[in-house]
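The chain contents come next:
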Amino acid sequence: MAIERTLSIIKPDATKRNLTGKINAKFEEAGLRVIAQKRIKLSPEQAGKFYEVHKARPFYGELVEFMASEPVVVQVLEGESAITRNRDVMGATNPADAAPGTIRKEFALSVGENSVHGSDAPETAAQEIAFFFSGLELVG
Ligand code: RTP
Ligand code: MG
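Every value quoted in this text rests on a predicted model; they were computed, and no experiment measured them. (Residues numbered from 1 in each chain as written. Chains lettered and ligands numbered in written order. Predicted model: local features only at pLDDT ≥ 70, side-chain atom pairs only at ≥ 80, totals over all residues. Heavy atoms only, no water.)

1. Notes on the UniProt feature "domain: Nucleoside diphosphate kinase-like" (unreviewed entry) in the protein chain
Then, in step 1: Summarizing the sequence annotation, UniProt attributes the feature "domain: Nucleoside diphosphate kinase-like" (unreviewed entry) to residues 3-140 in the numbering used throughout.
Then, in step 2: As annotated, residues 3-140 has a helix share of 40% and a strand share of 20%, and its two end C-alpha atoms lie 10 Å apart. (UniProt positions renumbered as here; feature names shortened; annotations may be inferred. Helix = DSSP H or I, 4+ residues; strand = E, 2+ residues; numbered from the N terminus.)

And the structure:
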């Protein structure tokens, strides 16, 4: 067990419905601390670059269009085993499969419009944090 940092995104379906505070409350209740946060609007090019790993997937175009459709809140969460802890509180990708009490169960609209993103491993967490934040913006 170790203190980790992970990259979280509150996605357009959630910012549009003014759910940032409710989602942050879920993180905080789970023992995660928001140590950096900003609201930005991604261009399609930036969204495409962020999700480049999914380029070959059939949902890529739809995903990029969605992520650039409205502002997002990008944030760094810190805490004990933050990467898996965050994935646990997010719930399964498809809200129909998500456990009760998880963010996606409570707030997601569909498998695509699923309210939150969270890094899936230490390597991707480091890359994704650096994609959005400079070292000076991270105050642990
Ligand atoms: P994320 O990367 O956003 O945290 O989500 P995840 O790990 O749970 O899911 P992943 O497989 O990495 O997929 C990335 C995002 O693509 C959208 N998606 N749409 N239409 C579909 O079948 C489909 N499948 C995935 C979702 O927004 C998912 O979170
Ligand atoms: Mg993923």
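There is more to say, and it comes next.
2. Quick word on the UniProt feature "active site" (unreviewed entry) in the protein chain
Then, in step 1: Mapped onto the present numbering, the UniProt feature "active site" (unreviewed entry) falls at His117.
Then, in step 2: As for its placement among the helices and strands, His117 is situated in strand S4 (residues 116-118).
Then, in step 3: For His117, the residues in contact, after removing those within four places along its chain, are Leu7, Ser8, Ile9, Lys11, Phe50, Tyr51, Asn86, Met90 and Glu128. (Contact = heavy atoms within 4.5 Å.)

3. Describing the pairing of strand S1 (residues 3-10)
Then, in step 1: In terms of strand pairing, S1 meets strand S3 (residues 72-80) through eight bridges, oriented antiparallel. Within S3, the position partnered with Glu4 by the bridge is Gly79.
Then, in step 2: Of the pairings in the sheet, the one linking S1 to S4 comprises three bridges and is antiparallel in character. Looking at the pairing, Ile10 lines up with Val116 of S4. (Pairing = 2+ DSSP bridges.)

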